[in-house]
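# Close look at the chain arrangement
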Amino acid sequence: MGRISSMFSGLLSLRKGKYKDSCDGREAVEAMAKEAKKNDLLLRSSGFVNLSGSRNLASVFSKRGEKGVNQDCCIVWEEFGCQEDMMFCGIFDGHGPWGHYVAKKVRESMPSSLLCNWQEALAQAALDPDMDLETDKKHQRFNVWKRSYVKTCTAIDQELEESRKIDSFDSGTTALTIVRQGEIIFVANVGDSRAVLATTLDDGSLVPVQLTEDMKPNLPGEAERILQCKGRVFCLADEPGVHRVWLPDEESPGLAMSRAFGDYCVKDYGVTSVPEVMQRHITSRDEFVILATDGVWDVISNQEAVQIVSSTPNRAKAAKRLAECAALAWKRKRKGMAMDDISAICVFFHHPSPLAQQVHPVKTLNL
C-alpha cells in the first residue's frame, strides 16, 4: 500500500481534538457547524466571511423577487470540517409550493453529509492495497470528492422523499456547491444555477470561464435521458425557448430544469439529483468565482458579472452589487415579468494587490 500522502491529512485527525474519529455519525459534524457559527466561520445569510489569515473572502447576498417568499438560500463554511485549508460554499434555488423548505433542508443537510462521506471515502482509499497514493494524487483526490458528492446527493434525495415534514412531490431545489481544498476547487452542480470563474489573461484583461453547465431539459444528454424514461420535453406556446419537463400523459409539472432535489412526480421520468462534479486548480491568475442562481444569469452575462464584481471597491459588498445590478437588468430587459429571486456568492482567492486594482478599475456599467 502506498504511503499516506498529504491529500489524506484530514483523515481521522481533525484539528480540534474533541472531534477526533468524529465521522461515526453526524452528531460530531453538526457540533462542528455550531462551533463554526459561533466563531463567525459559518454564514447562512447575506453578509461576508473573511477569517483573519485566510486567503478566502466570501461575499454573500440574497434578494427576494416578486413571486412571493424568497426560495433561494446560501451557506459559506470557512475551515470546513475544522480543516484550515478548506472552505465550503453552496447556493440553493427552490421551486414549487414547498421549494423554500426543500432548499433550506438541503442546505442544512449537505455540508455535514458531505463531510462524513468524504472522511469515509478517505478511509476506504487509504486502506485500498492496490492504490499508490503518491501516484496521480490529483486524480485520486478528485475521485474521493466525486464519490463523496454522489453518495451525499443520493442520500439527501432519499431523505427528502421519506420526510413527513416537507412535501417534495411537486417541489424541489437546485444545489450548486464548491469546496476549496488548498489550491483546488471541486464544483458539484445539480440544476441550473451557475459557477463562473474570473481569470486574468496575458494582456491583463479579466475574462470569465464558465465552470458549470445549466442543467436544462433541452441539453442533448439531458433530453435523451428524459425521453428514454418516457418523460416529455417541450416549450409552451407563450414561452418560446423555455424547455420544460412534462409527465407522459399530463400537462404537468413543467419543470424548467433537468436535475433537482425533490420533484418526485418526475423522478421516474428522467429528472435526477445526480451531480455533475469537476475540479480546477487555482493559479495566481484566477481572481474569484461567482456562484449565482438563474435570477442573475437570466439577465446578466458571464462577462458582465465578472466586470461588476471586479469593479466593486469593497469586496465584501460584491455579491450585493451583483444582485442589485441584476435587479435593475430585470426591470429593463424583462418588463412586465415578475422578477425572480436573486442570490450570489463571490469567493475571492487572493488578497488584492495594487496591480490588480490598476488592472480592474471601477467602471459604470450600462446593463
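Above this text is the structure in question.
The following refers to the structure shown. Keep in mind that this is a model prediction, so the values were computed, not measured. (Residues numbered from 1 in each chain as written. Predicted model: local features only at pLDDT ≥ 70, side-chain atom pairs only at ≥ 80, totals over all residues. Heavy atoms only, no water.)

## Looking at the side chain of aspartate 72
Looking at the element boundaries, aspartate 72 is found in strand E4 (residues 72-78). As a buried residue without a salt bridge, aspartate 72 has its nearest oppositely charged side chain in lysine 67, at a separation of 9.6 Å. Setting aside residues up to four positions removed in sequence, aspartate 72 forms contacts with Ser62, Phe92, Asp93, Gly94, Thr293, Asp341, Ile342 and Ser343. (Helix = DSSP H or I, 4+ residues; strand = E, 2+ residues; numbered from the N terminus. Buried < 20%, exposed > 50% of the residue type's maximum accessible area, 1.4 Å probe, protein only. Lys, Arg positive; Asp, Glu negative; His and termini not counted. Salt bridge = Lys/Arg side-chain N within 4 Å of Asp/Glu carboxyl O. Contact = heavy atoms within 4.5 Å.)

## Some thoughts on the pattern of salt bridges
Counted under the stated rule, the structure contains 15 salt bridges. Arginine 180 is paired through a salt bridge with glutamate 183; the nearest N and O atoms lie 3.3 Å apart. Owing to a relative accessible area of 3%, arginine 180 belongs among the buried residues under this scheme. Of the charged contacts in the structure, one is a salt bridge between arginine 280 and aspartate 286, with a shortest N-O distance of 3.4 Å. Taken together, the salt bridges that share partners define one network made up of Glu222, Arg225, Arg259 and Glu276.

## Observations regarding helix H4 (residues 220-228)
One turn of an α-helix holds 3.6 residues; hence residues three or four places apart share an orientation. Listed as buried for H4 are Glu222, Ala223 and Ile226. Within H4, the buried residues cover an arc of 95° as seen down the axis, which keeps them to one side. Of the exposed residues in H4, those oriented more than 90 degrees away from the buried face are Pro220 and Gln228. Looking at the packing, one finds that the buried side of H4 touches strand E11 (232-234) and strand E12 (244-246). (Arc of directions from axis to C-beta.)

## Overview of the sheet that holds strand E3 (residues 57-63)
Overall, antiparallel pairing links the 6 strands, which are arranged E2-E3-E17-E16-E9-E10 in an open sheet. Edge positions in the sheet fall to strand E2 (47-49) and strand E10 (206-210), since each of these pairs with one other strand and no more. This sheet shows a mean twist of 20° between the axes of neighbouring strands, independent of strand direction. Those strands touched by helix H6 (residues 302-310) are strand E9 (194-200), E10, strand E16 (286-292) and strand E17 (342-348), and its axis lies near 130° from that of E10. (Pairing = 2+ DSSP bridges. Axes fitted to C-alpha atoms, helices over the stretch in contact; angles between N-to-C directions.)

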